[in-house]
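The lines below spell out each chain.
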Amino acid sequence: MVTALLEGLNPRQREAVTAGDGPVLVLAGPGSGKTRVLTHRIAYLIQDCGVRPYELMAVTFTNKAATEMRLRVEALLGGIRDGLEIGTFHSICARMLRREADFTPYRPDFAIYDTDDQHSVIKMALNEMDIDPKRYSPGRVLHKISAYKNELIPPEDVRADDYFGEIVARIYPRYQQMMVTNNAMDFDDLLMQTVILMRDNAEVRERWQRRLAHILVDEFQDTNTAQYKLVQILSLPQNNVFVVGDEDQGIYAFRGADYRNVLQFRRDYPNARVILLEQNYRSTQIVLDAARAVIDKNQHRTPKALFTEREGGPRVTIYEAYSEADEGEYVARRVNDLVRRENYEYRDIAIMYRTNAQSRALEDAMVKANVPYTLVGGVGFYKRREVRDLLAYMRLVGNPNDTVSFDRVINVPGRGIGKKSQETFQEWIVQRGDTIYGGLQAIRHGEPSPIVGRAAKSFADFGLMLDEWRALLEGNDLLGLFDEIMARTGYNLYIHEISDTPEQVSDRLENLAELRNFITQNREVPLLDFLAETALVADVDTLKDDKNAATLLTLHAAKGLEFPVVFIGGLEEGLLPHSRSFDDPDGMAEERRLFYVGLTRAKDQVYLTYAFRRMLYGDSMPGIPSRFLGDIPEELTEGVSTTLGSMRDRQAYQRQTSWESSGTRDRQPTGRGKIIPFPGSGGAPEKPRTKYKTGMRVYHQRFGAGIVIESALMGQDEEVTVAFEMVGIKRLASSFANLVIMKG
DNA sequence: TGGTACCACTTTTTT
DNA sequence: AGTGGTACCA
């Protein structure tokens, strides 16, 4: 038995799989078989070490990864293993909290609020506290609160360090209080509340610690403080904690992840066994070399000697498109070529980009060229208005104190309950010290209330509906509930009211049909579990492998996946690297890791494209080739000019991205197979003398700090294009803009 | 109360 | 360019 499990593993992988008790850190380069190691390790522990499935907890980054891991473990063990806990941090925490709710400030039927729901709550809080949402945008406030939670700082412990922080320090407690009243948790609560529970409640903690003999964590470089702490606590006292990660693939700093947790792990567990997986089974040598050239520029990393047996391979193709439409057209054409002439299938191909907004132009091109594709993420399914409405109804049934859901549907479809009545109702129940549900029932039973006339009747009717639905829930029939909500609310009719075109109507109906279909598949699932599932889906989770189609997705969503052919679009300054990171070395390093992740998804071939002009907010903006392109050695690329400048030119480019676009300005809009002059290469004529030069750092009174990406003389004046850190790319007339040139 | 018209803002990435 | 929010009117 032992031999069967270990067969086909290389010595390092085998060492990891069979490592004994105690902490283990596996540093796994891309494509080095880390999922394999994790699944085999789980199977090994169960089969050969007598560990019971329920004594194991394996944490992955997405539900998709969890499902895959579960399937692979079951395949290895030849059967289903009950009690084996595999899931994301968030879903596992949600389950734990549900079970242990008695020991938390929440009831077990708590709702899970996503970002949109959070926005609603924070707006209510701001409104109530008379804080101007223009000055303190819900987004920024929430980001800060989220950061506190990820660092396990409860409202009462906040120490503000600036004025904005001071305001947040006032909002955070109120926000949290509202969440508890709504019996709702946001994503960060799921983590923080679990840690607090385990930290402060010895009985619960010890129960779980006794149960969980082994904890395994995938994508360890993307854990935040809360997640790290949780792993630490739960793995006590044995410290059988097995983590797999790669510092070079840490791309979630913006949500509190800290790849330095890998270092921290070595500090916290000095006796940890450290195993390096350096053999790559995915990519060709060319792809790997290109990727390495990119990542090597990052400081403070453990150098890895990744190698592959797949020598050579096609070079990385770089293409300069005229516009984003041309970029899409090129990609679509190449995709079709790959399928028709090179024996690839559509499903072998991924098209990646930095921002979701880029998907639109690419999608248009795919449609035009008849390329079948699936889009990952974007405006997600669960973000659609009709889907959210229906889910809000279901959530309200599950948790009748969910204010956010209540506000969403109390007058949808319209029942003549306007803003005024809603406010009156809210004030009234607060005054009564009652819940939404209690208030509704009171009105229904004719108790005196400030709600009178038509509105009172509507509230009463609503309360009655809610009651009937809750009774329906006893039968545990999700589908019945869904159909009943649709019927009783007349939602189908409402769809016609809110839609402008027949297409929109059928779109919406289709979405609801899809939701209904999903519910059918989960008929037996308890409502709360179903709702948690819908709240915690990641974009990639919706990716179906069964369709033969190219995949469009963000670089973030691509993590953990692999494709024979990878296209990465929008390799432009301001996009990749994103302008928001220009001023921040850490952010810049993360952009680089993001590009590295994209490159290393490819098995055989990589195509990198950028656009000479790109639409932004309806304006056409110049595109400057990404500095990352210059980091890939020339001999690994093709499609760039053979007259690519001397090393000196390239170095100058790398330092500054100093490229004057005038040389390419009058090219044909859409050339095919043309040779592209590489930025920084010769050929650009003597440029006119401008005061502002590309790469210069400038400061603007209103827009703040930025970097000049283009400047051209316009008659007497000078037209300067600047990528501002805060507000993005703007084109300014230098005589009006009053730009201050900053040193450095 | 609900509809329409205009305006401001958007785009980083996501559980 | 598209969307969501606000203000004003029927």
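Now for a description of the structure that goes with this document. Model, not experiment: these values are computed from the prediction. (Residues numbered from 1 in each chain as written. Chains lettered and ligands numbered in written order. Predicted model: local features only at pLDDT ≥ 70, side-chain atom pairs only at ≥ 80, totals over all residues. Heavy atoms only, no water.)

A separate point is the sheet that holds strand β11 (residues 316–321). Pairing is parallel across the open sheet formed by 7 strands, whose spatial order is β13-β14-β12-β15-β16-β11-β19. Edge positions in the sheet fall to β13 (373–375) and β19 (637–638), since each of these pairs with one other strand and no more. Across the sheet, helix α15 (residues 359–368) is in contact with β12 (349–353), β13 and β14 (550–554); its angle to β13 comes to roughly 160 degrees. (Pairing = 2+ DSSP bridges. Helix = DSSP H or I, 4+ residues; strand = E, 2+ residues; numbered from the N terminus. Contact = heavy atoms within 4.5 Å. Axes fitted to C-alpha atoms, helices over the stretch in contact; angles between N-to-C directions.)

The peptide bond linking L236 to P237 adopts the cis configuration, its omega dihedral lying at -5 degrees. Here P237 lies in the loop between α11 (225–235) and β7 (241–245). A cis amide bond links L576 to the next residue, P577, at an omega of 5 degrees. Here P577 shows up in the loop between β15 (563–568) and α25 (585–599). We note that D130 has phi near 60 degrees; this positive angle belongs to a residue other than glycine. By the secondary structure assignment, D130 is in the loop between α6 (115–128) and α7 (138–150). Looking at D130, the relative accessible area reads 74%, which means it is exposed. One non-glycine residue, N370, lies in positive phi territory at about 60 degrees. Position of N370 among the secondary structure elements: in the loop between α15 and β13. (Buried < 20%, exposed > 50% of the residue type's maximum accessible area, 1.4 Å probe, protein only.)

Another aspect to go through is a negative patch on the surface. On the surface, a cluster of negative charge is contributed by E503, D507, E510 and E514. Within the secondary structure layout, E514 lies in helix α23 (residues 502–521). Owing to a relative accessible area of 44%, E514 belongs among the partly exposed residues under this scheme. (Patch = residues over 30% accessible without salt bridge, like charges linked within 9 Å, V, L, I, M, F, W, Y side chains within 5 Å. Areas by Shrake-Rupley, 256 points an atom, 1.4 Å probe, with all protein chains shown as cover. Salt bridge = Lys/Arg side-chain N within 4 Å of Asp/Glu carboxyl O. Lys, Arg positive; Asp, Glu negative; His and termini not counted. Charge placed at Lys NZ, Arg CZ, Asp CG, Glu CD.)

Take the packing of aromatic side chains next. By the definition in use, this model includes 19 aromatic pairs. Measuring from centroid to centroid gives 5.5 Å for F220 and F265, while their planes differ by 75 degrees, and the two rings are edge-to-face. A residue pair is termed long-range when its members are at least 10 positions apart, and F220 in the loop between β6 (214–217) and α11 and F265 in helix α12 (residues 261–268) qualify at 45 residues. On the basis of relative accessible area, F220 is assigned to the buried category, the value being 1%. Ring geometry for F425 and W428: centres 6.2 Å apart, planes at 50 degrees, overall tilted. Of this pair, F425 and W428 both sit in helix α18 (residues 419–432), separated by 3 residues, roughly a single helical turn. Of the two residues examined, F425 and W428, each falls in the buried class. (Phe/Tyr/Trp six-rings, centres within 6.5 Å; stacked < 30°, edge-to-face > 60°.)

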